[in-house]
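Remarks on the overall topology
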Amino acid sequence: MSNTENRPVLSPVLAIENYSLDYETANGPFHALKNIDLAINRGEILGLVGESGSGKTSLAWSIMRYLPKNAREPGGKILLGGDNLLEKSEREMQTFRGRRISMVFQDPSTSLNPTLSLGTQLAEVLVRHRGLTRQQAWKEGEERLAHVGLRTPAQMMHRMPHEASGGEKQRVVIASAFACNPECIIFDEPTTALDVITSRQILDLFVELQAETGVASLYISHDLALVARTAGRVAVIKRGDIVEQGTVREIFTNPQQEYTRELIAAVPDPAHRLVKDDVVDTDKPLVKVENVSVHFGRKSFLAALTGRKTDRVTGNNAISLSVNPGEILGIVGESGSGKSTLAKAMTGLNRFEGKIWFDGREIRNLGDMDNAYRKDVQIIFQHPDASLNPRQKIFEILSRPLKLFGDGSDLEKQVGDMLEQVRLPRTHASRYPHQLSGGEKQRVAIARAFASKPKLVICDEITSALDVSVQASVVQLLLELQKASGTAYLFITHDLNLIRQIAHRIAVMYRGDLIEVVKADEIDSPDRADYTRRLIEAVPRAAAQYQ
Amino acid sequence: MTEFLKRLLKTPQGAIGTFLVVLVLAIVVFGPMIAPYDPEKLSPLARYKGPSAAYWLGTDQYGRDIFSRLLIGARATVVMAVFATIAGTLIGALIGTASAFLGGRADELIMRTIDAVMSIPSLLFALLVVNLLGSSTINALVAVAIAFAPGMARITRSVALSVRKQDYVNAAIARGESSAYIIRREMLPNVIAPIIVEMTIRVSFAVMLFATLSFLGLGAQPPAAEWGLMVSEARRYMHMSAGILIWPSVAIAIVAVGFNLLGDGLRDALNPRT
Amino acid sequence: MIVYTLFVVSLIVFAITQILPADAAVMMLGENATPEALDALRQTMGLDAPIWQQYATWLWHVVQGDLGTSLRTGQPVGPAMFEALGRSLLLALLSIGLMLVLAIPLGIIAAIRRGKIADMVVSLISYAGVALPEFVTATIAVLVFADWMKWLPPTGYVPLTEDFFGGIAHLVLPVCVISIILIAHVSRMVRSELVDVLHTDYIRAARLKGLSRGHVLRRHALRNALLPTITIVALDVGYLLGGVIVVEEIFAIPGIGRQLIVAIQARDLPAIQAGVLIMAATYSIVNFIADILYAWLDKRIQYD
């Protein structure tokens, strides 16, 4: 303690000292957090990075003193401005929460009550902690909303959550977190549920407000690149242990731990291309999509009777693009841009108008998609939990395409080979999907898609439900399989950094329209369409400046 | 199978429910063999007896042994209820699956019609059907089955529709599987579980519906030992001995609670993810 | 919606009453009537016309408010049925009232004390509640409270306008008996809805804003948890109407249920048709109102 004399100045706003947390389970205690030491000073942003199950969210609940009943705290302190929160009663904590320490949550569509207006939910914090009357709080609320960059605060106060966009809602949540000028705010993945451009705007707002108020911030995220952009210091958490902490520069330039190195390596870096640009533009593409449109909505029986008009929603608006043999074509766009709709049309899951040419054959409707087409075009879905039947064993799941498209002989051996191909033990064949981890399940889904030796595999956001390190290994596997088989990929994702690493060309979609198709290494050129440029700007670059 | 049983017996509902239902089924199978007396043998000298070593649960207004009557009446009461529920479930599942599968206008028309049919209370519906066919046990079975079908159709349809939206079904369609395979191997195993749960719980309602029909004179006819009928007949003599009324009521309650608990236990045990 | 429902119900009712092995002419003139007299009557009643024509005529009369003439009493069916419906509605409304007063608090207590003794007691009550059919509980209730305790009259009906307290005393047992199963069902539904809501992110977010448990429960949770209860109660009205039939029969209350039982036993076709139609209409109207109420309270679904 060399700086004892400076203590009043340096005393951190939030200090966690040797804190541990256990959950009691039927199989004995589960150590969620082990001897955590963290400190955040005024005006500082500490990034806490970890994968799912690392305990990062548990730490947030511990600080907020909002723990489930089976939680046990073997030791340690959590100090907020010198007050040990572990010694506070629930009643005292209620006066702290929202006033001295507040929180911003991951998904604004679930963290706001759907049946109360945005204004009510903002004003109740002000009434609770600042003793304002309802009218005063409402007025103050309008000012607060204006402050977080909402253009029509008075109307926004009266809106219900479903009447506001995700970005607008998250602004309201941020406004309530800042409402009582707290000493410390915990941000729990505040942009993960938002679209790329919106999340960039929210991030900018956060940085601005943080600088203005000097609030000590704990920024929790799974995304190292994102944290590197905002935080001054980073702590890396793994299975309840803080394995490493330091300034962003230290972490990136000189990581001490193997795990940190893995995490950094797993962050997609667009400058580091993983494929060779050896696919030449041919005049004989494998697939050609010509003016494909998809519409949803059907007149309901009742609407037909009453003659009420029903809106036809357009999912895809006259899309034309092509995929060459052995090419990886990336499709990027925000949610609702029609990426998945196109994938479904191409695999016969949606009706479509227009034409698809496959290997020289013309396909006008679902009826034209015969067995040969189904064999050659495979799809992998985002959530392996949903795409693997929970009541079938892996063997049955994998042997099915073999029976349909292969010779169906010696299934036992073939299924085993398939599992090995995706780096899974042969014995997994006798398991059910729920006995596998998320990454393992997605590998099974990949194996299933490759069973028929397809010419085109459509990957619909297949990595976005996975942790960063798992994601990297799944991408690696896909690239190896591609190298071995020469299969073309239609790779749909919202992760621009990832797609810039692995795609030959990238198609940008927006609200059902195809904006443009460009070569992957030319996507950041200034000649790109306006929307593409905004998209590229919004993406947090991996901390390349440190590498 | 043993793993499934373990899961079922792990919850208190599952354990108690299984115990009660197994007990009831044992009585259904072995009841007539272990009944100490002829259930229809009148003993004018031994009327309204309380429980004793000779008559475990006492005797009724005609001096018949209540215990023996309950043991034998289990078949009439429980077997009928189970059959009626199964029949109703099959009809309902067929309509519901067809509706979900057809989709579009046909689905909407079928469901609106089902809604309309459900606006007639099931007891009233059963009364009408029995009245139409004439009062007898078999007709009561048909009536209860028909009364249950619309509700089961609704449930089947909603479960089938939610399964239909799952990506594993999409994957099968994209793979070019036949409709028959998709329905049989991908959808059915996932649809059946919630239906079995609902069916189990409904057995207890069927037991009560049967009893009510008998009570209104439209189900089993005297001197049958059906439990609902026993309660109904006991009403006039309950001042003489409350036992005539209480014991069959207890028997009905055990069956109803047993199937209810078993249904709740199955709900947890059949969920593959817990 | 209601129109379509009633149309389907009218078809069903007409179909069932047509297949019923009862000849209206025989019923009116007796078994010993001459064939000539029967034929003449059939002709005047329109019974010799094709079925669809009979149905159209009947439906046309119904639409105009004429529900037909009872074969049993020779009186118009409509007025008698609606008078009986009034008494049944009193019984039904009181039962729903009692159910709501008890089931909602029970469900709430069970949800907020989840896993505690209070929760187990409530779930025991709900299992016990669905264990016995109404006629058994009714019989036992009469035995205990009327015969043994002598607290309440066993059966019968006294109009409230005649003797208010006497009328109420006669209604206590029927109302309680009808409510039991409903209480069991609804309290369980309220519990599971509230448990779900209490586990949502927005409840956690509200608590982490420093709002007290009570405030969050009142302002955030209850409203959202109780909304679906409207639908559940409306659907339970079907069960309630069935219960009304049985309870009216046991307690000798001259409501629509009793009228229906009498009509069914006497095979009084016009009365059966009218009674079932009225019951189905009641159910549909209640559900229609519930849908509107739900949409009004839950602003989210206005845009559906």
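Residues numbered from 1 in each chain as written. Chains lettered and ligands numbered in written order. Predicted model: local features only at pLDDT ≥ 70, side-chain atom pairs only at ≥ 80, totals over all residues. Heavy atoms only, no water.

This part takes up the overall build of chain A. Broken down by element type, chain A carries 22 helices and 20 strands. In terms of overall dimensions, chain A is globule-like: its C-alpha atoms have a radius of gyration of 26 Å, near the 24 Å expected for 547 residues. For the C-alpha atoms alone, the extent of chain A along its principal axes is close to 75 × 60 × 50 Å. Put simply, chain A has 547 residues, and 54% of those count as buried. For chain A, the accessible surface area stands at approximately 23700 Å², while carbon and sulfur atoms represent 47% of it. (Helix = DSSP H or I, 4+ residues; strand = E, 2+ residues; numbered from the N terminus. Rg over C-alpha atoms; globule rule 2.2 N^0.38 Å. Buried < 20%, exposed > 50% of the residue type's maximum accessible area, 1.4 Å probe, protein only. Areas by Shrake-Rupley, 256 points an atom, 1.4 Å probe, with all protein chains shown as cover.)

On to helix α4 (residues 51–63) of chain C. Each α-helix winds once per 3.6 residues, and so residues spaced three or four apart point in a common direction. Residue and element names in this part refer to chain C. A rise of 1.5 Å per residue sets the reference length of α4, with its 13 residues, at 18 Å; its end C-alpha atoms lie 18 Å apart and thus fit the reference within 8%. Within α4 the residues assigned to the buried category are Gln54, Tyr55, Trp58 and Val62. One side of α4 carries all its buried residues, which in axial view fall inside an arc of 100°. Residues Trp52, Trp60 and Val63 are exposed on α4 and point more than 90 degrees away from its buried face. (Expected span 1.5 Å × (residues − 1). Arc of directions from axis to C-beta.)

Let's shift gears to the sheet that holds strand β8 (residues 216–221) of chain A. All names here are of chain A. The strand order across the open sheet built from six strands is β6-β7-β8-β3-β9-β10, with neighbouring strands paired in mixed fashion. Edge strands, defined here as strands with exactly one partner in the open sheet, are β6 (101–104) and β10 (241–247). Recorded for the sheet is a direction-independent mean angle of 20° between the axes of neighbouring strands. Pairing geometry for β6 and strand β7 (residues 184–188), over four bridges, is parallel. Across the sheet, the residue bridging to Ile101 is Cys184, located in β7. This element, helix α2 (residues 56–64), spans β3 (45–49), β6, β7, β8 and β9 (233–238) of the sheet and lies at about 145° to β6. This element, helix α12 (residues 258–266), spans β3, β9 and β10 of the sheet and lies at about 105° to β9. (Pairing = 2+ DSSP bridges. Axes fitted to C-alpha atoms, helices over the stretch in contact; angles between N-to-C directions. Contact = heavy atoms within 4.5 Å.)

Side chains carrying opposite charge are able to pair once their charged atoms draw close together. Under the defined criterion, the tally for this structure stands at 46 salt bridges over all chains. A salt bridge links Glu124(A) to Lys209(C); the nearest nitrogen and oxygen atoms lie 3.1 Å apart. One end of the pair, Glu124(A), is in helix α5 (residues 118–130); the other, Lys209(C), is in the loop between α9 (201–208) and α10 (213–251), on a second chain. The residues Glu124(A) and Lys209(C) share a single accessibility class, namely buried. A salt bridge links Arg528(A) to Glu516(A); the shortest N-O distance between them is 3.3 Å. (Salt bridge = Lys/Arg side-chain N within 4 Å of Asp/Glu carboxyl O.)

Moving on to the confidence of the model for chain A. Scored by pLDDT, chain A has a mean of 88; 93% of the residues are at 70 or more. Within chain A, helix α1 (residues 7–10) of chain A has the poorest average pLDDT of any element, 51, and β7(A) the best, 95. (pLDDT = per-residue confidence, 0-100.)

Each side of the interface is counted separately: chain C has 44 residues, and chain B has 39 residues. The contact between chain C and chain B buries some 3700 Å² in all, and 78% of this surface belongs to carbon and sulfur atoms. It is Tyr127(C), Phe135(C) and Ile264(C) in chain C that bury the most area against chain B; as a group they hold 17% of the surface buried on that side. Where chain C packs against chain B, one counts one salt bridge. Here Asp264(B) makes a salt bridge to Arg188(C), at a shortest N to O gap of 2.3 Å. Where chain C meets chain B, there are five residue pairs in polar contact (both at pLDDT 80 or more). Where the side of chain C that touches chain B is concerned, the elements lending two or more residues are α1 (2–19), α7 (134–148), α8 (164–198), α10, α11 (256–266) and α12 (269–297) of chain C. (Buried area = accessible area lost by both parts, 1.4 Å probe. Polar contact = N/O pair within 3.5 Å; in protein donor to acceptor, adjacent residues only side chain to side chain.)

Residue and element names in this part refer to chain A. Under the criterion given, the structure shown has 15 aromatic pairs over all chains. Ring plane angle 35° and centroid distance 4.3 Å describe the contact between Tyr510 and Tyr531, whose orientation is recorded as tilted. One end of the pair, Tyr510, is in strand β19 (residues 505–510); the other, Tyr531, is in helix α22 (residues 530–538), with 21 residues separating them in the sequence. On the accessibility criterion, Tyr510 (27% relative accessible area) is partly exposed. Given a relative accessible area of 7%, Tyr531 falls into the buried group. Members of the aromatic cluster, joined through ring pairs, are Phe178, Phe187, Phe206 and Tyr219. (Phe/Tyr/Trp six-rings, centres within 6.5 Å; stacked < 30°, edge-to-face > 60°.)

Further remarks concern the interface of chain A and chain B. Between chain A and chain B, the residue contacts involve 29 residues of the former and 24 residues of the latter. For the pair chain A and chain B, the summed buried surface comes to about 2500 Å²; carbon and sulfur atoms form 51% of the total. In this structure, the connection of chain A to chain B is made through two salt bridges. One salt bridge connects Arg400(A) with Glu177(B), and the closest N-O pair in it is separated by 2.8 Å. Our count for the chain A to chain B interface comes out at eleven residue pairs in polar contact (both at pLDDT 80 or more). Secondary-structure elements contributing two or more residues to the side of chain A that touches chain B are α13 (301–306), α15 (371–376), α16 (384–387) and α17 (394–405) of chain A. Of the residues in the side of chain A that touches chain B, the class split is twelve nonpolar, eight polar and nine charged. (Nonpolar A, V, L, I, M, F, W, Y, C, P; charged D, E, K, R; others polar.)

Residue and element names in this part refer to chain A. Strand order across the open sheet formed by six strands is β16-β17-β18-β13-β19-β20, with mixed pairing between neighbours. Looking at strand neighbours, the two that pair on one side only are β16 (377–380) and β20 (513–519), the edges of this open sheet. In this sheet, neighbouring strand axes are inclined to one another by 20° on average, regardless of whether the strands run parallel or antiparallel. The pairing of β19 with β20 spans six bridges and is antiparallel. Across the sheet, Ile506 pairs through a bridge with Val518, a residue of β20.

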